[in-house]
Amino acid sequence: MSATLSSHPTLTPNINTTLRPNATPSPSLALARTLTSSPSELSQMSPYNLFLSQLQTPSAETRVDAMRRLFVVANAMGREETLEKLIPYLTQHIRDQAEHSHLASIPTGTEEDDEILLILAEQLGQFVTSGLIPGYRAISLLPILEQLCGVEETVVREKAVESLNGVLPFMFVDKAESKAKEEKEAMLYCKKTAPGLLLKMIKRMAGAEWFTAKVSAAAVLPVVYQFYNKMSGTVHMSANAADSNEGGANVEDIKLELRNMYRVLSEDETPMVRRGAAKHLAKFLEAVARLPYGIKGAIGGPVAKEFTIPGKDVSTISKAVSGDVKSKVYEEMVPIYQTLCRDEQDSVRLLAVSASGSMGCALGLDGNICSRIVLPVIQAGVTDLSWRVRNNLAKEFATVAQSQGFHEPSRKADFQVVFESYASLLQDLEAQVRTSAVENIARMAQLGGADLFQQHISPLLPNLADDAVMEVRSKLAQTIMDCCDDSICSTLSDSVILEDFRPCLECFLNDEFAEVQLHILSKLSRVTRLLDQMDVVVQSVVSMSKTANWRVRESVAFLLPHLAEARGVRFFQDQLLDVWMALLMDRVADVRSACVNGMPKLLSVTGSEWIQREIVPRYLNICNGSISYLTRTTVLKSFSRLGNEQKGNLSTELSNELVEQLLIGLNDRVSNVRMVAAKGLEELNTSIDSGLLNAKVIPALQQIVQEDPDEDCKFFADKAISTLTG
């Protein structure tokens, strides 16, 4: 089919849909030869018949190739023909395989069979998300996806669940959003067909004999519940809109049934099913609580700092969870949560414990309830015998801590317990647990403020900074620099940073692993204001300019202008200028580029007069004394960068001198240098004196356009002229 399908005259998509780049692989004659039809017959085949011919060949490679092109075939057939012919065929094909195996699910034996089903699961979801099939007509896809959700191969099942969860939101049609032309039909599907069909589907999956469908049911239930959250009153429960024998059902009764299904799955005797229920417990809790956003967006980071700063308003989540909803969560979901958190299988517990943050939000950040329900789970998780449970809790600890409603002054004692538990994780015997816990330090500092930070976290920093495991030190280096970023953590004062972090910085800059050093160097500019009080740190940075790792040298080059700002121009001239010049000549281009990009910062710190007196002569000396064109381009790029981000700091005298040097560069024997010079003149356009511009710059550039043998030089010179005269 590769040779025929991709070049078939009728296979042009007739729907405005964006195809994936890999949707039409290159033609393959080897695959085309597996078809029994003659070339003349193939050319007359419809896309549908051509697809069937390839799918029914004995060659596994050909069948896989056919399924990869399913979306292309559907686009070529069009919406109506896809719904009337292609989808029914695929549905029957899947059912025949299941019946032939005498199983409730599709057999998977060979790798080719698994790959075909995996591709089918992926492409079916794309039918709806791409717009080929409107959401309210996606009901015909559900039987296939339901069958695929029951296969034994995990990757196929997970892809089917992903597609099913992607399709279900499109099935709800809001009257205000539906097109007038399709409104009647769309609303009929949504109100009378979809509710009954979805409920029956999820019942079959949750009540299946084999565990695979039950695992998938736990993953689909949160999205199904969200579907019913959008409805109210009584809905039709027949899968056929024209059939009213089954009558209707109250939406709240349906949601009660869905919650009972989830409870049954959480109590299933098969560990895999309980693990599936624990894995998706957080999403189901959020669906039951009708949170308008996921917990990650609501309380997971700097985007919602109002939830993390003590004393700020955290009423948004509280108001989103009504008293009636909170009662349902407390009476029905809390027992499920507690049962899963006490499960005998650690693979179940670790997933359930990490849902503690969602439980706190589902309870409306009610500190009184969370102290009785969630806090004991947190304490038990911290001391769990399985390190995997402790590790999973450590990964989510900041989010969990933020979602308990302990921000009120009356809950200070509970906050103390939370930070004591966190301190225990920071001292865990397992390195992976310590690593995961360390990553939360910045957010925990933001949450608890300087007092709790210094009481529970600060005393542990020296041991963590000297940890025998490099990953722990690396994550700690990263997170303490995050503590110095006001956009992440704004609760720690400069005195706290100097007292608690300065020893760590000194230790990390001398670490044997470059990764640890780089986490400090790449973000050390965040504490520029404090570097004049960190002599050891500054000396360590200077000494690292000669290290063998070029990434470290690059970071040092980036930091030097910031050191000039912190310690003064005299210190830079006496201690750092030679280091700067050495890095400018570094053999690695990225290190040289760091010096080039640092020129605007250096100009803003030192001023034009100092640059003209101390920097320009040195640059010209190395430029004139070098035979490498790379040195000349580095110098010219440095000059042009001064004009690109000058912000009024570039004097007329310095600007004229830079222009003169760039004009000299236009006559260089190497075309790369001439191009850099032309680009530099363009970047200096706002600083060039009008007299100099008309007398020298424009004529020089015009000469390049007219006489230069290199086309690229002509292009950039012409572009510079347009900018300078525009």
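Numbers given for residues are sequential positions, taken from 1 along each chain in its written order. Side-chain atom pairs in this predicted model are given and counted only at pLDDT of 80 or more, local residue features only at pLDDT of at least 70, and totals for whole chains, interfaces and linings cover all residues. The basis for every side-chain value is the complete set of heavy atoms in the structure, and neither hydrogens nor water enter the calculation.

> I'm lost on the overall build of the protein in this one. Help?
Put simply, DSSP marks the helices as runs of H or I at least four residues long and the strands as runs of E at least two long, and each gets a number from the N terminus on. Counting its secondary structure elements, the protein contains 41 helices and two strands. Each residue is assigned to one of three classes by its accessible area relative to the maximum for its type, calculated with a 1.4 Å probe on protein chains only: buried under 20%, partly exposed between the two thresholds, exposed over 50%. Residues counted as buried form 56% of the 726 residues belonging to the protein. Across the protein, the fraction of contacts at a sequence separation of at least 24, relative to all contacts at a separation of at least 6, is 72%. Each accessible area is a Shrake-Rupley estimate made with a 1.4 Å probe; only the visible protein chains count as cover when residues are assessed. Total accessible area computed for the protein in this model is approximately 31200 Å², and 49% of it derives from carbon and sulfur atoms. Should any heavy atoms of two residues lie within 4.5 Å, those residues are counted as being in contact.

> Honestly, the state of the cysteines in this entry has me stumped. Any pointers?
Here, the word disulfide means a covalent bond between the sulfur atoms of two cysteines. In this description, a disulfide is simply a cysteine sulfur pair whose atoms lie within 2.5 Å. In this structure the tally under the stated criterion is zero disulfides. Of all cysteine sulfurs, the one in Cys489 lies closest to Cys483, which takes part in no disulfide; the gap is 4.9 Å. Its relative accessible area of 2% is what places Cys483 among the buried residues. Considering cysteine sulfurs only, Cys483 is the nearest to Cys484, which forms no disulfide, with 6.6 Å between them.

> When you look at the pattern of salt bridges in this model, what are you seeing that I'm missing?
When the charged atoms of two side chains with opposite charge come close together, those side chains can pair. By definition, a salt bridge exists where a carboxyl oxygen of Asp or Glu is found within 4 Å of a side-chain nitrogen of Lys or Arg. Scanning the entire structure with this criterion turns up 37 salt bridges. We note a salt bridge from Glu252 to Lys328, for which the minimum N-O separation is 2.8 Å. Of this pair, Glu252 sits in helix 13 (residues 251-266) while Lys328 sits in helix 18 (residues 323-341); the two residues are 76 residues apart in sequence, bridging distant segments of the chain. For Lys328, a relative accessible area of 17% puts it in the buried group. With a shortest N-O distance of 2.7 Å, Arg473 and Asp511 are connected by a salt bridge. Of this pair, Arg473 sits in helix 28 (residues 470-482) while Asp511 sits in the loop between helix 29 (494-508) and helix 30 (514-521); the two residues are 38 residues apart in sequence, bridging distant segments of the chain.

> What should I look at first to understand the side chain of Glu682 in this one?
With respect to the helices and strands, the residue Glu682 is situated in helix 39 (residues 671-683). Here Glu682 falls in the buried class, since its relative accessible area comes to 13%. Those residues in contact with Glu682 that lie beyond four places of it in its chain are Lys719, Ala720 and Thr723.

> Teacher, can you tell me more about the UniProt feature "repeat: HEAT" (unreviewed entry) in the protein here?
UniProt positions are given in the numbering used here, feature names are shortened, and annotations may be inferred rather than shown by experiment. As annotated by UniProt and renumbered to match this structure, "repeat: HEAT" (unreviewed entry) occupies residues 141-179, 333-366 and 418-456. The distance from the first to the last C-alpha atom of residues 333-366 is 15 Å, and the span holds 71% helix and 0% strand. For residues 418-456, the end-to-end C-alpha separation is 10 Å, with 85% helix and 0% strand making up the annotated structure.

> Even after reading the chapter, I still don't get the packing of helix 32 (residues 550-567) against helix 34 (residues 589-597), so can you show me in this structure?
Each pair of packed helices can be summarised by the angle the axes make with each other and by the distance between the axes. To obtain an axis, a line is fitted to C-alpha atoms, over the contacting stretch when the element is a helix, and the angle between two such axes runs from 0 to 180 degrees between their N-to-C directions. Put simply, helix 32 and helix 34 touch, their axes get as near as 8 Å, and they point 5° apart. With respect to helix 34, the axis of helix 32 lies roughly parallel. On helix 34, the residues touching Trp550, Arg553, Glu554, Ala557 and Phe558 of helix 32 are Asp590, Val591, Ala594 and Cys595. For the contact of helix 32 with helix 34, the per-class residue count stands at six nonpolar, no polar and three charged. Comment on the angle field: the value is read as roughly parallel under 35 degrees, roughly antiparallel over 145, roughly perpendicular from 65 to 115, and oblique elsewhere. Three residue categories are used. Nonpolar comprises Ala, Val, Leu, Ile, Met, Phe, Trp, Tyr, Cys and Pro, charged comprises Asp, Glu, Lys and Arg, and polar comprises the others, including Gly.

> So what exactly am I meant to see when it comes to the packing of aromatic side chains here?
The aromatic pairing rule takes the rings of Phe, Tyr and Trp, using the six-membered ring of Trp, and pairs them if the centres are within 6.5 Å, calling planes under 30 degrees apart stacked, those over 60 edge-to-face and the rest tilted. Under the counting rule described, the total for this entry stands at 14 aromatic pairs. Considering the side-chain rings of Phe406 and Phe415, the 6.5 Å spacing of their centres and the 75° angle between planes classify their relative orientation as edge-to-face. Each of the two residues, Phe406 as well as Phe415, counts as buried. Aromatic rings pair up to connect Tyr225, Tyr262 and Phe284 into one cluster. The positively charged end of Lys679 is found above the aromatic ring belonging to Phe716, 4.4 Å away from the centroid. Any Lys NZ or Arg CZ that is within 6 Å of a ring centre and within 35 degrees of that ring's normal is treated as a charge sitting over the ring.

> Would you mind showing me how to read the environment of Gly598 here?
Inspection of the secondary structure assignment puts Gly598 in the loop between helix 34 and helix 35 (599-606). Every residue in contact with Gly598, bar those within four places of it in the chain, is listed here: Pro561 and Trp580.

> For this particular structure, what's the right way to read helix 15 (residues 281-289)?
The buried fraction of helix 15 amounts to eight of the nine residues, a majority that puts the element mostly inside the structure. Turning to helix 15, its buried residues number three or more, namely Leu281, Ala282, Phe284, Leu285, Glu286, Ala287, Val288 and Ala289. Immediately beyond the C-terminal end of helix 15, within one or two residues, lies Arg290, with a positive phi of roughly 60°.

> What exactly am I supposed to notice about unusual backbone geometry here?
Not every positive phi belongs to a glycine, and Arg290 is a case in point at roughly 60°. Counting through the fold element by element, Arg290 comes out in the loop between helix 15 and helix 16 (295-299). At Leu365, a residue that is not glycine, the phi angle is positive and equals roughly 55°. With respect to the secondary-structure elements, Leu365 resides in the loop between helix 20 (356-362) and helix 21 (367-382). Given the relative accessible area of 5%, Leu365 is considered buried.

> Teacher, can you tell me more about the confidence of the model for the protein here?
Predicted coordinates in areas of low pLDDT are best not read in detail. Think of pLDDT as the predictor's per-residue confidence, scored from 0 to 100. Averaged over every residue, the pLDDT of the protein is 82; residues scoring 70 or more account for 82%. Per-element confidence in the protein ranges from a low mean pLDDT of 42 for helix 1 (residues 2-5) to a high of 96 for helix 25 (residues 431-438). Long-range and interchain partners of residues 1-31, a stretch whose pLDDT sits below 50, account for 74 contacts in this model, where long-range means more than four residues apart. Confidence drops under pLDDT 50 across residues 300-314; counting only partners more than four residues distant or on other chains, this segment forms 34 contacts.

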